[in-house]
Each structure stands twice: as structure tokens, then as C-alpha cells.
Amino acid sequence: MASDNEQIYTKILSFIHSEIQDKSVEFDMDTPIAAVKIDSIDVIHVVFKVEEEFETTIDLPQDSKFDTVGDFVRALAAFIPAAGQA
Amino acid sequence: MASPWVEITGRGVVSCAGLDVAAFQNAILAGEGHIKPFDENGRELNLPPEFMAGLKLRFTRGAPVIGFDPTQHFEPRVLAGLDRFSQFAAVAARQAWKEAGFDVAPPVADRIAVIVGTANAGNESVGQGWQRILLEGRKPVPLTIPMTMASGASSRIARETGAHGPVFATSSACASAAHAILMGVMMLRSGLADVALVGGSDACYDFGYLRAWDALRVVTTDICRPFSKGRLGMSIGEGAAMFVLETTDHARARGAPALARLAGGGMTSDAGDLTTPDGRGMVRALHAALRDSGLTPERIGYINAHGTGTQINDRLEAQAIREVFGAATDKLPVSTIKSSIGHAMGASGALELVAAIATLESGIAPPTLNYLEPDPDCPIDAIPEGPRKVNPEAVLSNSFAFGGLNVTLALTRADVNL
């Protein structure tokens, strides 16, 4: 399960990288989300890609706030049936 | 009081007859035909291959924009929010902005208006959304809603040019661009703006849209033959054209040369049928354009007609012109480029304005292509033989839309005064 989660997290991180405007930003699960400069449109596209890739529906609360990239990634992964609960 | 005439100082084009002004003008003035059988257009029709065979259209010709690669103009991140009609409009606007010299020295942001006419708005994105939902069992792409907004093109152009003044879309079917252009004139005359980026854009090669036109039985199964005996209807085009309009004071103050002068125009409504025009509305639009511009009928040396190629439009338009110009109609050349580039819907009035400017600059009027023989119901000189030297100082351009919405624009050479 842990390796499944790792694969899902890696995939979601790659989606984030493909959407953000500044491709020079390096980040991992521990990076503060503010440092990635992900805007609302980027978030919409990342959510969409995760939904398409994993055939799921993501329903994040409107007021969701994340401190780190990992918080965001784990919140998305929680909607993926194949992912174990972290 | 500001001068009622305004200056056209920039223009841009995305069309089936070329992806810039020079290519478009050369094609139009040479009388080239760009309505082609669909199989010649092949995959460029922008339709999924599986739909090509299943289209089941009665008509087999059209004039889509070929060779327009959006990835050459927009980053993927931007493209994800732009319908094809917005892409066309933004690229045409960049050309116009550059020709006006504003890419180097932009005007005051608060004094720029952007008005783009569109009949279809983001029709293609709607069609692709349905395709994903119903045929592929997927979700529509996340930016479908902003992509379908009629004002999407105007917002994109405002972002690229930094326009902070009045920015919106006009929609009046096939008069959408002409309304946008005349709205720009009114903005400048009223003092609400110094510079107006105006024009029209429509993308038409979505399979559902083509099927819908087929159901209306207005598109010819032959080829578009405006004002000719034997005409059977229109052919579908698409594209965009945009213009920079400026007050005379603004253009002169910065030493910008005018391409032509937009003297004014007339806007009328038939208050009538949704698809059957009323010639009286056309007559009133022509009269209104002459009155607004201050041009007398004797000064009009050419008319760029709406000329769709349908039985009723061409008959009523020809008779409206004869009613306004009387016996002088015999010596008044009138042609339409819709048999060259098809009917580009909400963009048609803008593409035709580019053609009208080319006629003022070159003195050459484009021919009405595919003309077989005169129709007594269309008593005008439709320039059937080929391009003709007409040297007009002033011309009119008609846009007469479904729903009985009529616009006539009046323009002159850059060196002509009231």
C-alpha cells in the first residue's frame, strides 16, 4: 500500500509541476505550498487531471487550506479509492 | 464636438484565405475562391476523424481556416482557457495593434475600448464538452464555462493590450462584427475612449454546428453564387478580423497614418421574422448610414454587400440598394466576398471591412465569384467578370443578420474629408 501511495503522490506532484507557471520552482512534499505559487486555475487543472487519471471525483471543501504541498497532495489522494489511508 | 469620423489605423485577419492581412487582401482582390470540398480540407476541418464519415451533411463544401496552429500563438496554460474563436480574435488583434504602432508605444490604458462581435461565442467548446460527456463518458474540461463566454475574446485581448476602458462583446448573429465596429465609433465620438479595438470572430467547424445549419436548409449543396440566377444558398466560413479605431485628434497627435476613415453607419431592426428578412429594414440601414456619415449617395463608388447567396437575402438586398440609389444603381458596382471565403457569421462584417479597406486603398473591387447569369430579381451590377478597377472615394459595407438586425458601415479613403 505504501508503494501504491508513493506512486500516486509522485503522479500528483508531476501534475502540479505541469500546471504551475514557473517551471523553475523545485518542490517536494515538504515544500510550503506558497512557495510553489500555484493559483486557482492551476488547482482546477490539477484536480481535473487527478479525476481523469484515477477515475474519481474530488470534492475538496471550498475553504480548504494547505500548509505544504504534501498536505494538498494527500488531500487529493484521499479521494482515490486505490490509495490507502495515509 | 469631436469629429464624427474616426480613423482606422490598424487591422488584422485570421481567415481561410490567409492568416494575415496581406495574404487575405491579395486573395480577395485577385478573386480567389477558398470554398473547397471537405475532402480537400481533410483533417484540417478540426473534426474528430470518426465524425467525418458520420457527419451526414447534405452540403459538401466549406471554407474553414486551414493551418492555424494555436500552439504557435499561445502557451498551453493560456490555451487551456481559450476557445478557437478567442484564439482567432486575439491573433487578429495583435496584428492590428502592431500595424497601429501600439506594440511600441501603447495608448493610455483607461482610454482603450475592446469590443468583439461573435454570433457563436465558444460553440466549439460546448460541442467538445458534449462529445466528452456523451460519447467518451468523461468530464468536460474544467475551463469550459469561461471558454464558452461570448466576452472571452474581448477579455483576452484586453489582457494582452492592457485595455482598462469599456470591454465587452456584441452579439447580433451575422451583424455582430458590424455592430461591434459601430459601437467602437460611438465610444470614440462620445469621448468614452480614444482608441477602440473592434471587430468580430467566429469558429464554425464544430460538427454539431454544421449539422444544425444543414437542418436549417440554408446552406447550398452546390456552391455559393450570390446575386446569380440559380443560387441555392450560402457556404460556411469562419475567422476573425480586428481593427484599431482612433479619434482623428488622437491619431494626428501621434502622427499615425490612417488606412481609411470610418465615416459612420446605420443600425436598424426589422422588428420582424427570425429568419426571413424585411427589405425595408435594409433600406433604412442604408439611409441611416448615409445620414450618419454625411456622405451623399453620389459619393458612394462601391458597395460590399452582405450577399449570402440565399434567394431571399440577395433579392431584398439588391432591391434595397436600388431603392436607395435609384437609377444610379446601374453604375454602382456591388459585390460580395461570401462566394470567396464563405459566410464567417459574426466575423463576416469585419472580414468584409478589411476587403472594403483594400478596395479603397487599391481602387480594385473584388468580383462576386461563381456567378452564372443575371437574375432579374437582383437588379445590380455584381462584378461577375473578375476584379474591377473602380477607384471609389467612399464605400458602404452591409451586414444583414437573422432576426432582422441590419448594419451598414460607411467608410472613405484616408485622404477624403466630409
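Residues numbered from 1 in each chain as written. Chains lettered and ligands numbered in written order. Predicted model: local features only at pLDDT ≥ 70, side-chain atom pairs only at ≥ 80, totals over all residues. Heavy atoms only, no water.

(A) How the structure looks around the environment of G363 of chain B. Residue and element names in this part refer to chain B. Among the structural elements, G363 can be located in the loop between α15 (348-362) and β11 (364-365). Residues G363 and I66 lie 297 residues apart in sequence; the distance between their C-alpha atoms is 29 Å. Not counting residues up to four positions away in its chain, the partners in contact with G363 are A358, R388, K389, V390, N391 and P392. (Helix = DSSP H or I, 4+ residues; strand = E, 2+ residues; numbered from the N terminus. Contact = heavy atoms within 4.5 Å.)

(B) Structural view of the nonpolar core. All names here are of chain B. Of all hydrophobic cores here, the largest spans 69 residues; its most connected members are F24, I236, F243, L245, L262 and L411. When residues of this core are assigned to domains, at least three map to each of domain 1 (6-253) and domain 2 (264-413). Setting aside residues no more than four positions away along its own chain, L245 makes contact with V6, E7, I8, I181, G184, V185, L188, D194, V195, A196, V198 and L262. Among the nonpolar cores identified, the runner-up in size contains 30 residues, and F88, A96, I112 and V114 belong to it. (Core = buried A, V, L, I, M, F, W, Y, C linked by side-chain atoms within 4.5 Å. Buried < 20%, exposed > 50% of the residue type's maximum accessible area, 1.4 Å probe, protein only. Domains from an automatic or database assignment.)

(C) Quick look at the pattern of salt bridges. Overall, the coordinates contain 28 salt bridges over all chains when judged by the stated rule. Across the pair R299 of chain B and E393 of chain B runs a salt bridge, and its minimum N-O distance is 2.8 Å. Taken together, the positions of R299 of chain B in the loop between α12 (279-293) and β9 (300-304) and E393 of chain B in the loop between β12 (388-389) and β13 (394-401) put the pair 94 residues apart, joining distant regions of the chain. Under the relative-accessibility criterion, E393 of chain B is labelled partly exposed at 26%. One salt-bridge network, in which partners are shared between bridges, spans E52 of chain A together with R132, E136 and R138 of chain B. (Salt bridge = Lys/Arg side-chain N within 4 Å of Asp/Glu carboxyl O.)

(D) Spatial organisation of the domain arrangement of chain B. Residues and elements named next belong to chain B. Splitting chain B by domain gives domain 1 (6-253) and domain 2 (264-413). For domain 1 versus domain 2, the separation of C-alpha centres amounts to 21 Å. Taken together, the contacts link 61 residues of domain 1 with 61 residues of domain 2. Each partner contributes to the roughly 4,700 Å² buried at the junction of domain 1 and domain 2, and carbon and sulfur atoms together form 72% of this total. The interface formed by domain 1 and domain 2 includes 4 salt bridges. For the salt bridge of D292 with R189, the shortest nitrogen-to-oxygen distance reads 3.0 Å. At the boundary of domain 1 with domain 2, the tally comes to 17 residue pairs in polar contact (both at pLDDT 80 or more). Of all the secondary-structure elements, those providing two or more residues to the side of domain 1 that touches domain 2 are β1 (6-15), α1 (21-29), α9 (176-190), β6 (195-202), α10 (207-216) and β7 (239-247). The biggest single contributor to the side of domain 1 that touches domain 2 is α9, with 8 residues. Among the residues making up the side of domain 1 that touches domain 2, the classes are represented as 35 nonpolar, 18 polar and 8 charged. (Buried area = accessible area lost by both parts, 1.4 Å probe. Polar contact = N/O pair within 3.5 Å; in protein donor to acceptor, adjacent residues only side chain to side chain. Nonpolar A, V, L, I, M, F, W, Y, C, P; charged D, E, K, R; others polar.)

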